[in-house]
Amino acid sequence: MKPWIELGTAQIPNNGGILTLRQRDQEFSISLSGPRGELMNSRRFNSERELSLLGCAHLKKHKNARVVVGGMGMGYTLAAALEVLPPGAEVIVADLIPEVVEWNRGPLGACAGRPLDDSRCKVHIGDVGELLEKGDSDYDAVLLDVDNGPEGLTHSDNNWLYSLEGTSCIYESLTPGGMLAVWSAGQDTHYVNRLKKAGFKVEVKTVRERPGKGARHTIFLAKKV
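So, a few notes on the structure that sits alongside this text. (Residues numbered from 1 in each chain as written. Predicted model: local features only at pLDDT ≥ 70, side-chain atom pairs only at ≥ 80, totals over all residues. Heavy atoms only, no water.)

**A few points about the sheet that holds strand β9 (residues 174-184)**
Put simply, the rule is: Strands pair, by our definition, only if DSSP identifies at least two bridges between them. By the criteria applied, helices consist of DSSP H or I runs no shorter than four residues and strands consist of E runs no shorter than two, each listed in order from the N terminus. With axes taken as lines fitted to C-alpha atoms, and helix axes fitted only over the stretch in contact, angles between N-to-C directions fall between 0 and 180 degrees. For this analysis, residues touch if any pair of their heavy atoms sits within 4.5 Å.
Spatially, the 7 strands line up as an open sheet ordered β7-β6-β5-β8-β9-β11-β10, and their pairing is mixed. Here the strands that pair on one side only, and so sit at the sheet edges, are β7 (121-125) and β10 (200-210). Going from strand to strand, the sheet's axes swing by 20 degrees on average, the running direction of each strand aside. With 5 bridges connecting them, strand β8 (residues 139-144) and β9 associate as parallel partners. Bridged to alanine 141 within β9 is methionine 179. Along the sheet, helix α1 (residues 46-55) contacts β8, β9, β10 and β11 (213-224); its crossing angle with β10, the most-contacted strand, is approximately 150 degrees. Across the sheet, helix α3 (residues 98-105) is in contact with β6 (90-95) and β7; its angle to β7 comes to roughly 150 degrees.

Following this line, the structure appears as structure tokens:
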């Protein structure tokens, strides 16, 4: 078996740890320093795609749809959103770490088909909360894959996104009928309750990390009503 080759590292703000990008043949891995280990792998991305396919399903014919993707990752969530959305749509992908965006412009980008090259895509380097806390009903969908679930894993400030205050701000940032979709490694009834308290109609889906096999992940689908 070929060895892993380190391609780059990045410091997460506020002492959140070190991200490392590695490659082995055609496989890529992004890991976090410490016990958490591997965060994502280019061989297991089905649930990230499902996040977009479920979260943007209502926008297939929405000519001027505006979507926020929280978390660049390996680009699979962004790529799937662009697959669903029509030509006139706009997708803003937000990531705190500029190196992750650059990795997706470089060798990592081929995994998801280089979605950053799509003219509908714009990049926001910074906290996705900065886009959402305005609460000005601008977005038709918000797709969040920035943590391991509804709590700040790599960046403690992300806890705001899942608090009642943050959830209420996201609700206000959506257009009527807009969708919040959140990726999680598992279930969280407390988060479901916060979503409902903020006014969302909530549905919870279980998806596999690979089509038909692998670990089961959770997608929280919260519709503004």
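**Regarding the environment of leucine 85**
Just so we agree on the cut-off: For each residue, the accessible area found with a 1.4 Å probe, counting protein chains only, is set against the maximum for its type, and the residue is called buried under 20%, exposed over 50%, and partly exposed in between.
With respect to the helices and strands, leucine 85 occurs in the loop between α2 (76-84) and β6. Among the residues examined, leucine 85 registers a relative accessible area of 5% and is labelled buried. For the pair leucine 85 and lysine 213, spaced 128 residues apart in the sequence, the C-alpha separation amounts to 27 Å. Those residues in contact with leucine 85 that sit more than four places away from it in its chain are Cys56, Leu59, Ala65, Val67, Val91 and Arg120.

**Side note on the packing of α1 against α2**
To keep things clear, this is the line we draw: The crossing is said to be left-handed when, going from far helix to near helix, the turn is anticlockwise and less than a right angle, and right-handed when the turn is clockwise. Each residue gets one of three labels, nonpolar for Ala, Val, Leu, Ile, Met, Phe, Trp, Tyr, Cys and Pro, charged for Asp, Glu, Lys and Arg, and polar for the others, Gly among them.
It is at 8 Å that the axes of α1 and α2 come closest, and there the two elements cross at 35 degrees. Handedness of the α1/α2 crossing: right-handed. From α1, Glu48, Arg49, Leu51, Ser52 and Leu53 reach across to α2, where they touch Tyr76, Thr77, Ala80, Ala81, Glu83 and Val84. Partitioning the contact of α1 with α2 into residue classes produces 6 nonpolar, 2 polar and 3 charged.

**Quick notes on unusual backbone geometry**
Its identity as a non-glycine residue notwithstanding, asparagine 14 has a phi of 60 degrees, on the positive side. Tracing the sequence through the fold places asparagine 14 in the loop between β1 (5-12) and β2 (17-24). Positive phi outside glycine occurs at asparagine 15, with the angle close to 55 degrees.

**Here we look at the nonpolar core**
Buried together is how nonpolar side chains tend to be arranged in soluble globular proteins. Our working definition: Residues belong to a common nonpolar core when they are buried Ala, Val, Leu, Ile, Met, Phe, Trp, Tyr or Cys residues joined through side-chain atoms within 4.5 Å.
Ranked by size, the top nonpolar core spans 41 residues in total, and within it Leu19, Val67, Leu78, Leu85, Trp103 and Leu143 carry the most contacts. Top contributing element to this core by residue count: α2, with 6 residues.

**What to know about the packing of aromatic side chains**
The condition that has to hold: Each Phe, Tyr or Trp ring, with Trp reduced to its six-membered ring, pairs with another whose centre is within 6.5 Å; inter-plane angles below 30 degrees give stacked pairs, above 60 give edge-to-face pairs, and intermediate values give tilted ones.
With the rule as written, the count across this model stands at 4 aromatic pairs. Where tyrosine 162 meets tyrosine 191, the ring centres are 5.9 Å apart and the plane angle is 80 degrees; that geometry is what we call edge-to-face. Residue tyrosine 162 is located in helix α5 (residues 159-162), and its partner tyrosine 191 is located in helix α7 (residues 189-197); the two are separated by 29 residues in the primary sequence. Of the two residues, tyrosine 162 and tyrosine 191, neither departs from the other in class, the shared state being buried. For the pair tyrosine 171 and phenylalanine 200, a centre-to-centre distance of 4.9 Å together with 80 degrees between the ring planes defines the contact as edge-to-face. Of the two residues, tyrosine 171 is situated in helix α6 (residues 164-173) and phenylalanine 200 in strand β10; the sequence distance between them amounts to 29 residues. For the pair formed by tyrosine 171 and phenylalanine 200, the shared burial category is buried. Through pairs of rings, three or more aromatic residues link up here, namely Tyr162, Tyr191 and Phe220.

**Notes on the pattern of salt bridges**
For clarity, the threshold we go by: A carboxyl oxygen of Asp or Glu within 4 Å of a side-chain nitrogen of Lys or Arg is what we treat as a salt bridge.
Applying the stated criterion to the full structure yields 12 salt bridges. Here lysine 205 ties to glutamate 203 by a salt bridge, and the two come within 3.3 Å at their closest N and O atoms. Exposure remark for lysine 205: the relative accessible area of 32% places this residue in the partly exposed category. Residue glutamate 203 is classed as partly exposed on the basis of its relative accessible area, which comes to 42%. Salt bridges linked by common partners bring Arg66, Glu90, Lys122 and Asp138 together as one network.

**Description of the state of the cysteines**
Short version of the rule: Disulfide assignment relies on a single distance test, namely cysteine sulfur atoms paired within 2.5 Å.
For the structure shown, the criterion picks out 0 disulfides. Looking at cysteine 56, it has no disulfide partner, and the nearest cysteine sulfur is the one in cysteine 121, 13 Å off. When its relative accessible area of 0% is taken as the criterion, cysteine 56 is described as buried.

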